[in-house]
Protein chains: 2
Amino acid sequence: MPSQEIKKDNQGTVDNPHDLVVVGAGPAALSAAIYTSREDIKTVLFEKGAIGGLAAVTDWVDNYPGFAKGISGLELSDAMQSQAERFGAKIELGEVQSVSSADKLKKIMTTEGDIYARAVLVATGSEYRKIGVPGEEEFYARGVHYCATCDGAFYRDKRLVVVGGGNSAVQESMFLTRFTSHINVLVRGPKFRASEILVHEIEKFKNKITVHFNTTTDEIVGQDSKVQKVVGTDKISGEKVEFPTDGVFVFVGLDPNTGFLAGSGVELDENKFVKSDQKLMTNIPGIFVAGDVRSGATLQIASASGEGATAALMIREYLESMERDHEPRPVHV
Amino acid sequence: MPSQEIKKDNQGTVDNPHDLVVVGAGPAALSAAIYTSREDIKTVLFEKGAIGGLAAVTDWVDNYPGFAKGISGLELSDAMQSQAERFGAKIELGEVQSVSSADKLKKIMTTEGDIYARAVLVATGSEYRKIGVPGEEEFYARGVHYCATCDGAFYRDKRLVVVGGGNSAVQESMFLTRFTSHINVLVRGPKFRASEILVHEIEKFKNKITVHFNTTTDEIVGQDSKVQKVVGTDKISGEKVEFPTDGVFVFVGLDPNTGFLAGSGVELDENKFVKSDQKLMTNIPGIFVAGDVRSGATLQIASASGEGATAALMIREYLESMERDHEPRPVHV
């Protein structure tokens, strides 16, 4: 087939829509694209930031199944990208601004223009909320972390500082005691904003966890890519306080990238993650979701990849049913 | 810690139970074990057959995300095994015969004796039903296949034979027309045992699919690891018939490995796959499920691995809630 023809096929116009537009290009998105492209489902991904998403900026991924000794996040996402492109997936750099239904198609408004597709996969991921202090960016993923399941095991018998006072800060601090020798938890307010049961529970970890209320986190200090201490302020006395440490975990929230779905009719949960059925379809037929942006996501690369693959199969089923019926219809669970 | 102490820890007795017993050692099982072991959840896997499950006997895995050029199934499952063992997972060879609740624990009867655990993950996979003819085993995964999504793309512009007359035979034949130049479908009976809508649908693929009813499949013939033809019998005329082909896809059923769950109280679906909630827990608190044995599974290595990772996080949450309450309780969705 001449490549000219493929190009024409890929216009994404009303008359010649893409089969699938994937919003995002992280592990869930790339895995879905590996599957769909391999099966000749014309797939275009839109990424506004870095290809590979959070995985690409993860220093070392120890628990993605299949790499016995672990792999760097960048290497892993590069491999996924090459794999998707090998099968014909096309990755566009640009931001998706909205998604809406247009007759039997989906209309996707992007910074690069409007395009049309038969189905959409939302795989935009989530972003860990930052505290915005000096050192946070410098030591990102090299001493400053946001996911205990991912990086906790790197701190066996080491000291940690945890920043945050909500449910996840309390829960993840207790979890981190599996590895760490001691944790200083820095809470800006006078008490935890966590559930009673968790606040009660963390009491039992006194031997490993020291909680500092009314304490701001002002700076993360280190040298040669190694974190050495966290500098804060005791808001009561107004004095500077220092916490020597080997690493910092920040748990101050997680924001799903779902702003562009406002007005799409896609149902979100109370934290603005995308709700889905067992087949990973949203409440809008033809719009699917996978990975960290999905309500109930585990925020693990393995889970996101798996969901991407699963979503691809469900999307194929949906597209086949569309062809059969000559009109879109929901895939039944 | 002296290794003597770890050994004692690993006895799996009533007084000293394992945290988790995983039944099976395929991708879902190994992925779960990578996660749980890394978090010091004492994990023992039981495998009655080959470590790696169906993945280990898959010639080439083209679509497992992270291997740009694909990887052999054996290499992939070996890597997963090393990775799980690196974190301390223990793999026992032996067959699990039954699982039951015993006070707050699960009792697992195996050919190697009875053991106890706080939680169980069922990851025993499924087995494609074979037709049991000469050549089927010889060319397994090298010309004889059971999964169109996995291996269909290897047959671009090649000829295929499909064996089977049920829903999956019809559906997958239509799917395979994306790749193949022509398919001969061999149906033993006088008509399809598939849903009306599918039988009607396959009509439209006449230019690529030829259906042969009343035709048995007697032998798969090839040379030098390459399939050349399928030999069958026309049951009406009694004559031998031959179908030159590059590959054979067999779709005659799928059996989940759930026999050992009889009497466990674990709820199965109508095809004997294990039912689960959104947190991958079965109806029995503390018994989880992941991978190809789960009701709704996609039978993809990526999906199975992803589910294994997700299950591991849910199991951790369950074990933590058990410790908190000092009694098992369901994890709420």
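What you are looking at is a predicted structure, and each value in this text was computed from that prediction instead of being measured.

K.L.:
Before we go on, may I ask you to explain the domain arrangement of chain A in this structure?
P.N.:
A common way to state how big an interface is: give the accessible area lost once the parts meet. Residue and element names in this part refer to chain A. Partitioning chain A into structural domains gives domain 1 (18-127 + 254-325) and domain 2 (130-250). Distance between the C-alpha centres of domain 1 and domain 2: 32 Å. With eight residues of domain 1 in contact, the opposing surface of domain 2 contributes eight residues. Taken together, both faces of the contact between domain 1 and domain 2 bury some 600 Å²; the carbon and sulfur share is 51%. The three residues of domain 1 that bury the most area against domain 2 are Val-57, Asp-59 and Gln-300, which together make up 51% of that side's buried surface. Taken together, domain 1 and domain 2 are joined by one salt bridge. Inspection of the domain 1/domain 2 interface yields zero residue pairs in polar contact (both at pLDDT 80 or more). For the side of domain 1 that touches domain 2, a count of residues per class yields four nonpolar, two polar and two charged.

K.L.:
Just to check I follow, could you spell out the relation of the copies chain B and chain A for this structure?
P.N.:
One copy of the chain maps onto the second through a rotation about an axis and a displacement along it. Relative to chain A, chain B is turned by 180 degrees and slid 0.0 Å along the rotation axis, the superposed coordinates differing by an RMSD of 0.0 Å. The symmetry that links the two subunits is that of a two-fold axis. Within chain B, the C-alpha atom positioned nearest to the axis of rotation is that of Gly-306 of chain B, 2.1 Å from it. A high fraction, 98%, of the interface residues of chain B reappear at the interface in chain A, so the copies pair face to face through one surface.

K.L.:
Is there a simple way to explain the pattern of salt bridges in this structure?
P.N.:
Side chains that differ in sign of charge can pair as their charged atoms come close. Here the structure, examined in full by the defined rule, presents 36 salt bridges over all chains. Two residues, Arg-38 of chain B and Asp-62 of chain A, come together in a salt bridge whose shortest N-O distance is 3.6 Å. Placement of the pair is Arg-38 of chain B in helix H2 (residues 27-38) and Asp-62 of chain A in the loop between helix H3 (53-56) and helix H4 (73-86), with the two residues belonging to separate chains. Across the pair, Asp-62 of chain A and Arg-38 of chain B agree in class, each one buried.

K.L.:
For this particular structure, what's the right way to read the sheet that holds strand E12 (residues 215-223) of chain B?
P.N.:
Residue and element names in this part refer to chain B. Reading across the sheet, the three strands line up as E12-E13-E14 and stay open at both edges, with antiparallel pairing between neighbours. The two strands at the open ends of the sheet, each matched to only one other strand, are E12 and strand E14 (240-244). Averaged over all neighbouring strand pairs, the angle between strand axes comes to 25 degrees, with direction disregarded. Sheet topology note: the E12/strand E13 (residues 226-234) ladder contains eight bridges and is antiparallel.

K.L.:
I keep staring at the interface of chain B and chain A and nothing clicks. Help me out?
P.N.:
Across the boundary between the two partners, chain B contributes 50 residues, which contact 49 residues of chain A. Together, the buried faces of chain B and chain A total about 4,400 Å²; carbon and sulfur atoms form 48% of this surface. On the chain B side of the interface with chain A, the three residues burying the most area are Arg-38, Arg-178 and Arg-324 of chain B, jointly 17% of the side's total. Applying the counting rule to chain B against chain A returns eight salt bridges. Across the salt bridge formed by Arg-178 of chain A and Glu-320 of chain B, the nearest N and O atoms sit 3.6 Å from each other. For the pair chain B and chain A, the interface holds 31 residue pairs in polar contact (both at pLDDT 80 or more). Of all elements in the fold, only H2, helix H4 (73-86), helix H5 (148-151), helix H7 (196-202) and helix H8 (301-325) of chain B reach the threshold of two or more residues within the side of chain B that touches chain A. With 11 residues, the single largest contributor to the side of chain B that touches chain A is H8 of chain B. Taken together, the residues of the side of chain B that touches chain A sort by class into 22 nonpolar, 14 polar and 14 charged.

K.L.:
Quick question: what am I supposed to make of the packing of aromatic side chains here?
P.N.:
Where two aromatic rings form a pair, the distance of their centres and the angle of their planes describe that pair. All told, the structure shown has 18 aromatic pairs over all chains when counted by the stated rule. A centroid spacing of 5.8 Å and a plane angle of 70 degrees characterise the contact between Phe-288 of chain A and Tyr-318 of chain A, whose relative ring orientation is edge-to-face. With Phe-288 of chain A in strand E17 (residues 287-289) and Tyr-318 of chain A in helix H8 (residues 301-325), the pair connects residues that are 30 residues apart, well separated along the chain. The burial state of Phe-288 of chain A is the same as that of Tyr-318 of chain A; both residues are buried. Considering the side-chain rings of Phe-249 of chain B and Phe-251 of chain B, the 6.0 Å spacing of their centres and the 25 degrees angle between planes classify their relative orientation as stacked. With respect to class, Phe-249 of chain B is no different from Phe-251 of chain B; both count as buried. By the ring-pair criterion, three or more aromatic residues cluster together here, those being Tyr-64 and Phe-67 of chain A together with Tyr-64 and Phe-67 of chain B.

Cut-offs applied
Note on numbering: residues in each chain are counted from 1, in written sequence order. All chains are assigned letters beginning with A, and all ligands numbers beginning with 1, in the order in which they are written. Since the coordinates come from a predicted model, pLDDT governs what is reported: local features require at least 70, and pairs of side-chain atoms require 80 or more to be given and counted, while whole-chain, interface and lining totals use all residues. Side-chain numbers come from the whole structure's heavy atoms, not from hydrogens or water. Annotation comment: domain bounds sourced from an automatic or database domain assignment. In what follows, a contact means two residues having at least one pair of non-hydrogen atoms within 4.5 Å. By buried area we mean how much accessible surface two parts lose on assembly, using a 1.4 Å probe and totalling the loss over both. By convention in these notes, a salt bridge is any Lys or Arg side-chain nitrogen within 4 Å of a carboxyl oxygen on Asp or Glu. Between N or O atoms, a polar contact is any pair within 3.5 Å; within protein, one atom must be a potential hydrogen donor and the other a potential acceptor, and residues adjacent in sequence are included only when both atoms are from side chains. Any residue that is not Ala, Val, Leu, Ile, Met, Phe, Trp, Tyr, Cys, Pro, Asp, Glu, Lys or Arg is counted as polar, Gly included; the first ten are nonpolar and the last four charged. The least-squares superposition of copies is restricted to C-alpha atoms, and to residues with a pLDDT of at least 70 in both copies. Helix and strand assignments come from DSSP, with helices taken as H or I runs of at least 4 residues and strands as E runs of at least 2, each series counted from the N terminus. Type-normalised accessible area, obtained with a 1.4 Å probe on protein chains alone, sets the label of each residue: buried when under 20%, exposed when over 50%, and partly exposed for intermediate values. We treat two strands as partners when DSSP finds at least two bridges between them. To obtain an axis, a line is fitted to C-alpha atoms, over the contacting stretch when the element is a helix, and the angle between two such axes runs from 0 to 180 degrees between their N-to-C directions. Any Phe, Tyr or Trp ring, taking Trp's six-membered ring, that has another such ring centre within 6.5 Å forms a pair; planes under 30 degrees apart are called stacked, those over 60 apart edge-to-face, and the others tilted.

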